[in-house]
Amino acid sequence: GGGEGFAGQNVEFNFGGQGIGEIFEHLFGGFGGRGVNPEAMEVAQPRDVEKTVEITLEEVDSGTKRLLTYQTMDGQRTRQGISTVPTTKKVEVTVPKGIEDGKKLRVPGKGAAGANGKAGDLFVVIRWASHPKFKPTGSNLEVEVPVPFTVAALGGEIKVPTLRGIVTMKIPEGTQGGQTFRLGGQGVSRMSGSRSDLMAKVKITVPKH
């Protein structure tokens, strides 16, 4: 998978000439003498679980935590063979600052358990929520800034919102609507520790009176 955690390894098993069906039949019974039930074989194994978490751009910028409550169908051994039982699990997931949209976080052992008691992993897919002010553009952020036509014509200072507050920026005389100015390091945090840039897009406003 593409998650954070340990990479899988290929392991070969030698059952001394016995087929996998014979092994499962020996371990879990013949299920009525008709061989191994494929569904039972599936729930006998630990399985991974995937959940999606949506976070705000402010949470991307600062890092956050999420308490996940979810249900897994865990395998269990009974006298009749193998069955599944719903199990509710709670996990607190730490979301690191600057995490990319679509990134997967791996939480070992928090997936669905097999009949042998071992559990798969939980994979948490991070999605950036849409924001009323800021729009991701590549690795940067874009924000639309209203500018009075007099300030745009004569030049001056404008207030630009960022994820961490308001900054002041100078614009030259003759600034046009739709013109974009780059504010270095005023975007969203990256996992490397730096910040992306903020692109301030000018929207000319005209007073009603």
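Since the structure is predicted, the reported quantities are computational estimates derived from the model, not experimental observations. (Residues numbered from 1 in each chain as written. Predicted model: local features only at pLDDT ≥ 70, side-chain atom pairs only at ≥ 80, totals over all residues. Heavy atoms only, no water.)

Draft legend 1. Fine view of the sheet that holds strand β5 (residues 122–128). As summarised here, the arrangement of the three strands in space is β1-β5-β4, forming an open sheet in which the pairing is mixed. Taken across any chain shown, the strands that pair with only one partner, and hence form the sheet edges, are β1 (49–55) and β4 (104–107). Strand after strand, the sheet turns through a mean of 25° between neighbouring axes, direction not considered. Where β4 meets β5, four bridges bridge the pair, whose relative direction is antiparallel. (Pairing = 2+ DSSP bridges. Helix = DSSP H or I, 4+ residues; strand = E, 2+ residues; numbered from the N terminus. Axes fitted to C-alpha atoms, helices over the stretch in contact; angles between N-to-C directions.)

Draft legend 2. Molecular detail of the pattern of salt bridges. For the structure shown, the criterion picks out eight salt bridges. Among the ionic pairs, Asp121 bridges to Arg106, the shortest N-O distance being 2.8 Å. Note that Asp121 is positioned in the loop between β4 and β5 and Arg106 in strand β4, a separation of 15 residues in sequence. Taken as a pair, Asp121 and Arg106 share a single burial class, namely buried. The partner of Glu142 in a salt bridge is Lys135, with the nearest N and O atoms 3.7 Å apart. Through salt bridges with shared partners, one network takes in Asp61, Arg164 and Arg195. (Salt bridge = Lys/Arg side-chain N within 4 Å of Asp/Glu carboxyl O. Buried < 20%, exposed > 50% of the residue type's maximum accessible area, 1.4 Å probe, protein only.)

Draft legend 3. Quick look at the sheet that holds strand β6 (residues 134–137). The strand order across the open sheet formed by four strands is β6-β7-β11-β10, and the pairing between neighbours is mixed. Each edge of the sheet is formed by a strand with only one pairing partner; in this case those strands are β6 and β10 (180–183). Pairs of neighbouring strands in the sheet enclose a mean axial angle of 35°, with direction left out of account. As paired strands, strand β7 (residues 140–148) and strand β11 (residues 198–205) are joined by eight bridges and run parallel to one another. Its bridge partner being in β11, Val145 is matched across the sheet by Val202.

Draft legend 4. Broad picture of the pairing of β5. In terms of residue burial, β5 counts as a mostly covered element, since five of its seven residues are buried. Where β1 lies against β5, seven bridges are found, and the strand directions are parallel. Each bridged residue has a counterpart across the sheet, and for Glu54 the counterpart in β5 is Arg127.

Draft legend 5. Structural view of the pairing of β11. Pairing of β10 with β11, which is carried by four bridges, proceeds in the antiparallel orientation. Bridge pairing in β11 links Phe181 to Ala200.

Draft legend 6. Representation of the side chain of Ser196. On the secondary structure map, Ser196 appears in the loop between β10 and β11. One polar contact links the side chain of Ser196 to the main-chain carbonyl oxygen of Ser139, over a distance of 3.1 Å. Residue contacts for Ser196: discarding those within four places in its chain leaves Ser139, Asn140, Leu141, Gly185, Gln186, Gly187, Val188 and Arg190. (Polar contact = N/O pair within 3.5 Å; in protein donor to acceptor, adjacent residues only side chain to side chain. Contact = heavy atoms within 4.5 Å.)

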